[in-house]
Structure formats: C-alpha cells, structure tokens
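In case you want the letters, here they are:
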Amino acid sequence: MIAIGGAIGTGLFLGSGFAIGFAGPSVIVSYSVGAVIAFLLMRCLAEMTIAHPTPGSFGAWSEFYIGPLAGFLVRYSYWSCIVFAVGTEVTAIAVYMRYWFPTAPGWVWILGSSSVLFTVNALNVKVFGVVEYSFSTLKVVAIVAFILLGAWVVSGTGISNYTAHGGFFPRGAWGIWEAVIVSIFSYLGIEMIAVAAGETAGNEMDVQRAVRRAFRSTVARLVIFYLLTLAVILAIVPWTEAGKGQSPFVTVMARSHVPFAAGVVNFVILIAALSAMNSQLYITTRMMFSLARAGDAPRRFGLLGKRGTPVAALLLSSIGIAVATLVNFLFPDTAFTLMVSISMFGAMFTWLMIFVTHLRFRRAHGRKYPYASLVGAVLMASILLTTAFTAEFRMTLVYGLPMLGLLWFAWRRLP
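Computed from a predicted structure; not experimentally measured.

1. Details of the packing of helix α5 (residues 57–65) against helix α6 (residues 68–97)
Between α5 and α6, the shortest axis-to-axis distance is 6 Å and the interhelical angle comes to 160°. When the axes of α5 and α6 are compared, the pair comes out roughly antiparallel. The handedness of the crossing between α5 and α6 is right-handed. Between α5 and α6, the contacting residues are F58, G59, A60, S62 and E63 on the first element and P68, A70, G71, V74, R75 and Y78 on the second. Tallied by class, residues from the contact of α5 with α6 come to 6 nonpolar, 3 polar and 2 charged.

Right under this line is the structure:
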C-alpha cells in the first residue's frame, strides 16, 4: 500500500494535466507506453531482488555487476532525484492552495508546509509507517471514488470529448512521445519496493512468492488507476482545458456539480502532496545518512542529533525545498515544470542503469539473454535524449550531465 501510495502523488494529481497538454486524449497511449516500461523494470527488479535480497537494492547491484563508479553514480543520482521530487511536491502544494487563496504568493505555502514537515522529520518518525499507510489508503479511496463518480457523470455526457478539439491525436506521434516523459515521472516511486523487498523475512520460497506478487500487483494496480482516471478526465473535460491553473481532478469535480466536491478533492490531493513530500524527505535523509556511514559522503552527514535523527542529513536533503522556493519566487508560472525537469534526470538515469545492470546480471549467471531489458534500456535512453528536444524538459540534461561529471570528479577524489 505504501509503494502504491508513493507512486500516486503529484505525477497523477497535477502532472496528468501537464501530460494532457502534450498529447491530448492520446495521452492514454503515452501512459500505456510508460506502463510497459514500468512493467519491464519491475521484472528486472523482481529477479535481482530474489537473487540478492539486500536493502541496498539497485545501487548495490550496479556496484557489483558493473563497477564501483556505477554504484556511486546510481546512489547519488537517485538521491538527487528524490531530493528534487520533494521540490515538485511542495511546488504542487502552492498550486493547490491557489484554489482557496488565488492571490497569495506560492512561496508562502512552500515555506509554511516545509517548516512543519522538516520539524516532524527532525523530532520523531516512530509513527511514519502508520501515517504513510493511512495517507496511502486515503489516496486510493479518493481515486476509486473519483473513478466511480466520474463514470456516473460520463454515463450522462458521453465520450465526445475524446475526438473533439482536433481528434484523438491532436498533437500527433511526437506529442504522444513527449507525454511519455511525464508518465515516467508519474510512475516514479515504484522502484522503492525493491528496497523494502530486500528486507522481507521468511523462508526462501515464501519470500520469492511474496516478492513476485508484490511487484506484479503494484504495477497492475497503478496502471488501472492511472488509465481509468485519465479516461474519466478526458471524457468529462475537453483536453484543452484540463489542468489549467489547477489539478484536472478539481476541474472534473467542478463539472460534476456535486456540492463541495471540488473543494474536498483539492483538500485530498493537498494531503497527498504533503504525504509524498514527508515520505520523500524521510527517504532522502536516510539515503544520505547511509552514504555517509559507508564513506561515500562527508562523515558529518552520518551523525545523529540529540533526538536520534540525522539532522545534518535532513538539512542537506532539504536542498530541493530551497530550490523550489527560489524557483517559485522567480518563475511562479513555470515553477512546477522546472522542478519536474530537474528531478527527472536522476529517475531516468536510475531506471536506465537498472536495465543495464540486469543485462550484466543475466550474463554473469549464464541465463537467457534478456531482450526485454535491452528494449527497456533503449527506450529509457531514447526518452532521455528526447528531453533535449522538448522545451519544457530541456533543463533535464542541462542539469543532469554536469551533475554526473561532478559526481565522477567526487568519486575520483574519494580515498
């Protein structure tokens, strides 16, 4: 439930409107392509998790099968990805708050929500599992309710919006492919299940069954949730209006004319963003703490504060919040897009390296050549290259390539 909840956040509640702007109704095809890539990725992770059930998961596997530099780059790229993903969540909070306070500057809500969650992470995390499970359940229940209510509205209005305003493919094949980038961002988080699966207890056969079932069910449920919600949104709201200035979920609820529905949904997705931000802040803090304890980061980030929390690592992992605040202050209209484009590099690089690691894994174990992993690696490399030709995502490589260079330099300097 936590894995599903982690992948159901801003990518769905706000990013879906962004993706619809690229592809129109054919965004359903885009998310289907993204789902295929996610499915291939989960197959790789499941096989390697069963063979090497370690909490280090894909970072440790890259180090073992490719080399120490690969493991170092994967760990830090993924850390930076989640750090800036925190920034996207907090930027989304500013967008959601416009529903009630349209004239208030977004950075006010960013600083306010960040201060609260920073304090929570610095003081006590004993209730983390219970809180995240509860929030995840709330998100899943809200999506199911949205789908059911949307289906009721569609039964009366029909699906003419699928072909109105330029047809089902208004932006052609290129628009579909551009929207795949957003779909990858939306599915980001599913790979975290490999970290949790690495600590599964029980006998070997039970663990293998549990891991396979968890990986399959997570992808299947995510695909169902994403595709059904997109189908509902596109049927009720013309694609040219979806997500303009607010979440497309709120737009749909406003069209349903159910009293207070739009406000309730906006509140739910606000809680969802806070939940994802809290979870990501926790994860990045622990990742940096682990890197420091392993000697791959300055020692100070591996120290605990008076309350037993890694405060120094928490401060460093809050970089994404600081960047989001600055970006929202300077570019309030494009802040969310900029934060997504920056965080995307670490995610796509990590997914690419997981596929490459699986290729080396199969070769090392003398197993059948994994053509599916080769396809996944080619698709991820192609998506990364596509960002260079998409104005909204040009910052992905502008940030990502120099970051890899700096990480390589830092690795060379390590004792």
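So much for the structure itself; the text now carries on.
2. A word on unusual backbone geometry
Phi is positive for H165, which is not a glycine, with a value near 60°. Along the polypeptide, H165 turns up in the loop between α8 (128–157) and α9 (172–187). What makes H165 partly exposed here is its relative accessible area of 43%.

3. A few points about a nonpolar patch on the surface
Residues W107, V108, L111, L326, F329, L330 and F331 make up a contiguous nonpolar surface patch of about 660 Å² in total accessible area. The set of elements that each furnish at least two residues to the nonpolar patch consists of α7 (106–123) and α15 (319–330). Among the secondary structure elements, F331 is positioned in the loop between α15 and α16 (335–364).

4. Examining the nonpolar core
Core analysis: the largest hydrophobic core is formed by 125 residues, its most contacted members being V27, I184, W351 and M380. The element contributing the most residues to this core is α6, with 19 residues.

5. Here's the deal with the packing of aromatic side chains
A ring pair, where both rings are aromatic, is described by two values, the distance of the centres and the angle of the planes. As enumerated under the stated definition, the model contains 17 aromatic pairs in all. Relative to Y226, the ring of Y31 lies with its centre 5.7 Å away and its plane at 20°, an arrangement referred to as stacked. One end of the pair, Y31, is in helix α4 (residues 27–51); the other, Y226, is in helix α11 (residues 204–236), with 195 residues separating them in the sequence. The pair Y31 / Y226 is uniform in exposure class, with both members buried. Aromatic pair Y76 and W79: ring centres 6.3 Å apart, planes at 80°, arrangement edge-to-face. Taken together, the positions of Y76 and W79, both in helix α6 and 3 residues apart, correspond to about one turn of that helix. Accessibility classification places Y76 together with W79 in one group, the buried group.

Rules behind the numbers
Residues numbered from 1 in each chain as written. Predicted model: local features only at pLDDT ≥ 70, side-chain atom pairs only at ≥ 80, totals over all residues. Heavy atoms only, no water. Axes fitted to C-alpha atoms, helices over the stretch in contact; angles between N-to-C directions. Helix = DSSP H or I, 4+ residues; strand = E, 2+ residues; numbered from the N terminus. Parallel < 35°, antiparallel > 145°, perpendicular 65-115°, else oblique. Left-handed = near helix turned anticlockwise from the far one by under 90°. Contact = heavy atoms within 4.5 Å. Nonpolar A, V, L, I, M, F, W, Y, C, P; charged D, E, K, R; others polar. Buried < 20%, exposed > 50% of the residue type's maximum accessible area, 1.4 Å probe, protein only. Patch = residues over 30% accessible without salt bridge, like charges linked within 9 Å, V, L, I, M, F, W, Y side chains within 5 Å. Areas by Shrake-Rupley, 256 points an atom, 1.4 Å probe, with all protein chains shown as cover. Salt bridge = Lys/Arg side-chain N within 4 Å of Asp/Glu carboxyl O. Core = buried A, V, L, I, M, F, W, Y, C linked by side-chain atoms within 4.5 Å. Phe/Tyr/Trp six-rings, centres within 6.5 Å; stacked < 30°, edge-to-face > 60°.

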